[in-house]
Amino acid sequence: RERERERERERMGHGSSRPLSSEENGRSGSSHKSKFRQKLRHIHRRSSHGPSHSSTSPACFKLVSGDDFAGIALLTLISAEMKFKDKWMACVSLGEQTFRTNISDHTDKPVWNSEKKILLESNGPHVARVSIYETNLLTKNNLIGFCEIDLFQFLAQDSDSDFETVDLLDPSSSDTVVGKLSFSCFVEDPQETEKGFARRLLSIMDYNEDGQLSFSEFSDLVDAFGNQVASDKKEELFKAADENGDGVVSMDELASLLARHQEKEPLINSCPVCGEVLEASNRLGSMIHMTLCFNEGTGNHVMSGGFLTDKQASYGWLFKLSEWTHVSSYGIGLHSGSQSAHILVFDRTQKRLVEELIDGKIILSMRAIYQSRLGLQLMDKGAKEILQELSEKQGKKMNSVDSAKDIPKFINFFQDQINVSEMKYPLDHFKTFNEFFIRELKPGVRPIACMDRDDVAVCAADSRLMAFKTVEESTRFWIKGRKFSIEGLLGKDISSSPFIDGTLVIFRLAPQDYHRFHLPVSGTVEQFVDIAGSLYTVNPIAVNSKYCNVFTENKRTVAIISTADFGKVAFVAIGATMVGSITFTKEEGDYVKKGDEFGYFSFGGSTVICVFQKDVIRLDDDLLENSARSLETLVRVGMRLGISTKADIQS
């Protein structure tokens, strides 16, 4: 296996991904490799300060500029050591892509030797999450352990080896080790990528494997480029490529020809492997696309792809059958029909897609109620009262001592979405389920961005966020209720005129989230207004429905905060199904600091909406870009939200 990896290193144009020794550096001077590793270290230092909020991860192979390209990494999942025997599978998630290995034999020491080439971008995702599943179930597989690998950090560190063994952690408690994972990773020098690309192109048509192209081989290659103009002048191109006049085209000569023409008159219009039409203006992106596409033919246990999340990749054959029959499907965007069975959100910290966990029976009932005219009619004929009674009854149950027994089952269901080690108190501290639900966190686990700057607003809750510059944008991309308006949201007792055409930010909390909400801005609490209403679910299945008006009909409390940097800010805490109460921990007249606790929701899902006055805040680009795709962003309390436009004027 090591010999195979060495051969792949040779194909990728170098021998090792690690920094050169001082002696080697002395001999080679400022080599391409040394410069590249310095670039990786710089990228890692920059990324370690937190996620970039100026942009999101671009679509595959669509690079903004050459400066964004950090390299192509070959990640290999070699083996693992687990604590019991089973048939094991591993999934790797990076950005909006997920890949999976083959399934191992029945063992406690699975061996996969599965690899995948991954595009690394300076401002793109770089933390790969590896999830290990036992595969003994028909409909789904059990997540047993995971680890997160910062590829920039790993590749930039000083080491003589590109092989490493790391701990696999329990999804529900990151303090517990459940196994070991062995992997390797090395990265191609970007300046070697073009040579490697030409080498792969040459190998496609080099029928006699002499490392050169005859005219007939060159002619077949040009035909595969999908460029009719180039096909009509093959002889001219062949003479231009054959720089030394020996009657054949070498790898260096082919690379030189491609470089000259891609700058002016691109030869390659479509990928010779998959046939995808390539952007003529994006030479680097086209080259990277084809480099990764050619990799699929190496035959070295390449991981299978085409998945959006590790949960999707882990499903068994029964789920695949349901997709085939359109009972269930995956997709990014508005959640309607079968797509509402799987809610995908973008994790801002890890820069990858994750799937929200919801019980299947609940999904079916929500779709029946909120996405049909019949369901709406039921609402009008008494279902609202039923939801109210259900919430009150459930609230009493969750406050009973007997409810504490449900805590372990709840944590197990959301095993990889609740981090027990962050809690301020141990589990035996909670005497009822609701005490656990409104749990506090340890100091410092939610750092507040730019704490010394009141002109920087922060996220108000651990939640799935949607952000819109205007209400019109929010109704175009997300809120599909027939009568949503700022006036309806704030109610008749608060003047809505300051907020007309204002900026809207929606923080949706799911049951597994930390349910205390915090202040996004600093200022003085002017007033609280309680508004009676229904208790619809705030799940996207209802919010995306045209049949009901969740945010303007649900029970809610509106707080108005007067600030120096953002003017007046409306903070709306909205109740939902199972949420019996909204509790604020501040009072009218209090001066508050951003990041301070502002209150909490009792059991259930719930939502906070912040409304800013027109043109007073410039929201972070990544939040707006995801929202324009109807894709929620998973955020945490204290993450940066945006900056006051006053700061732009002052700067």
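Quick look at the structure, then. (Residues numbered from 1 in each chain as written. Predicted model: local features only at pLDDT ≥ 70, side-chain atom pairs only at ≥ 80, totals over all residues. Heavy atoms only, no water.)

**Thoughts on the overall build of the protein chain**
Inference 1: When its secondary structure is counted, the protein chain shows 22 helices and 28 strands.
Inference 2: At a minimum sequence separation of 6, the contacts of the protein chain that also span at least 24 residues come to 71%.
Inference 3: Here the protein chain displays about 27900 Å² of accessible surface, and carbon together with sulfur accounts for 51% of that area. (Helix = DSSP H or I, 4+ residues; strand = E, 2+ residues; numbered from the N terminus. Contact = heavy atoms within 4.5 Å. Areas by Shrake-Rupley, 256 points an atom, 1.4 Å probe, with all protein chains shown as cover.)

**Digging into the packing of aromatic side chains**
Inference 1: This structure, assessed with the given rule, holds 21 aromatic pairs.
Inference 2: Measuring from centroid to centroid gives 4.8 Å for Phe528 and Phe584, while their planes differ by 55°, and the two rings are tilted. Placement of the pair is Phe528 in strand S19 (residues 523–531) and Phe584 in strand S22 (residues 582–584), with a sequence separation of 56 residues.
Inference 3: Measuring from centroid to centroid gives 5.8 Å for Phe566 and Phe612, while their planes differ by 65°, and the two rings are edge-to-face. Residue Phe566 is located in the loop between strand S20 (556–562) and strand S21 (568–574), and its partner Phe612 is located in strand S25 (residues 606–612); the two are separated by 46 residues in the primary sequence. Like Phe566, the residue Phe612 is buried in the burial classification.
Inference 4: Three or more aromatic residues joined by ring pairs form one cluster here, namely Phe410, Phe413, Phe414, Phe430, Phe433, Phe436 and Phe437.
Inference 5: The cationic tip of Arg129 hangs over the ring face of Phe146; the distance from NZ or CZ to the ring centre is 4.3 Å. (Phe/Tyr/Trp six-rings, centres within 6.5 Å; stacked < 30°, edge-to-face > 60°. Buried < 20%, exposed > 50% of the residue type's maximum accessible area, 1.4 Å probe, protein only. Lys NZ or Arg CZ within 6 Å of the ring centre and 35° of its normal.)

**Topic: the side chain of Asp242**
Inference 1: With respect to the helices, strands and loops of the structure, Asp242 is situated in the loop between helix H8 (234–241) and strand S11 (249–250).
Inference 2: In this structure, Asp242 is buried with no salt-bridge partner, the nearest side chain bearing the opposite charge being Lys239 at 9.8 Å.
Inference 3: A distance of 3.2 Å separates a polar side-chain atom of Asp242 from the backbone nitrogen of Gly245.
Inference 4: The contact partners of Asp242, leaving out residues within four places of it in the chain, are Gly247, Val248, Val249 and Glu253. (Lys, Arg positive; Asp, Glu negative; His and termini not counted. Salt bridge = Lys/Arg side-chain N within 4 Å of Asp/Glu carboxyl O. Polar contact = N/O pair within 3.5 Å; in protein donor to acceptor, adjacent residues only side chain to side chain.)

**Quick look at the environment of Phe218**
Inference 1: Its place among the elements puts Phe218 in helix H6 (residues 215–224).
Inference 2: Spatially, the C-alpha atom of Phe218 lies 9.5 Å from that of Glu235, the residues being 17 residues apart in sequence.
Inference 3: Residues in contact with Phe218, not counting those within four places in the same chain, are Leu213, Lys234, Leu237, Phe238, Ala241, Val249 and Leu257.

**A look at the sheet that holds S22**
Inference 1: One open sheet holds the three strands; their spatial order is S18-S24-S22, and the pairing between them is antiparallel. A single partner strand is all that each edge strand has here, and the edge strands are strand S18 (516–518) and S22. Looking at each pair of strands side by side, their axes are set apart by 25° on average, direction ignored.
Inference 2: Pairing analysis gives three bridges linking S22 to strand S24 (residues 597–601), with the strands arranged antiparallel. (Pairing = 2+ DSSP bridges. Axes fitted to C-alpha atoms, helices over the stretch in contact; angles between N-to-C directions.)

**What to know about the nonpolar core**
Inference 1: Core analysis: the largest hydrophobic core is formed by 35 residues, its most contacted members being Leu465, Phe507, Phe517, Phe571, Phe598, Phe612 and Leu641.
Inference 2: Beyond its immediate stretch of four places on either side in the chain, Leu465 contacts Cys459, Val505, Ile506, Phe507, Leu623, Ser627, Leu631, Glu632, Thr633, Val635 and Leu641.
Inference 3: Counting residues in hydrophobic clusters, the runner-up holds 32 residues, among them Ala90, Val130, Phe154 and Met303. (Core = buried A, V, L, I, M, F, W, Y, C linked by side-chain atoms within 4.5 Å.)

**Some remarks on the sheet that holds strand S15 (residues 456–458)**
Inference 1: In space, the three strands of this open sheet follow the order S15-S28-S26, with antiparallel pairing throughout. Of all strands in the sheet, those bounded by a partner on one side alone are S15 and strand S26 (617–619). Averaged over all pairs of adjacent strands, the angle between their axes in this sheet comes to 30°, without regard to strand direction.
Inference 2: In this structure, S26 lies alongside strand S28 (residues 640–644), joined through three bridges in antiparallel fashion. Considered in S28, the bridge of Ile617 is made with Ser644.

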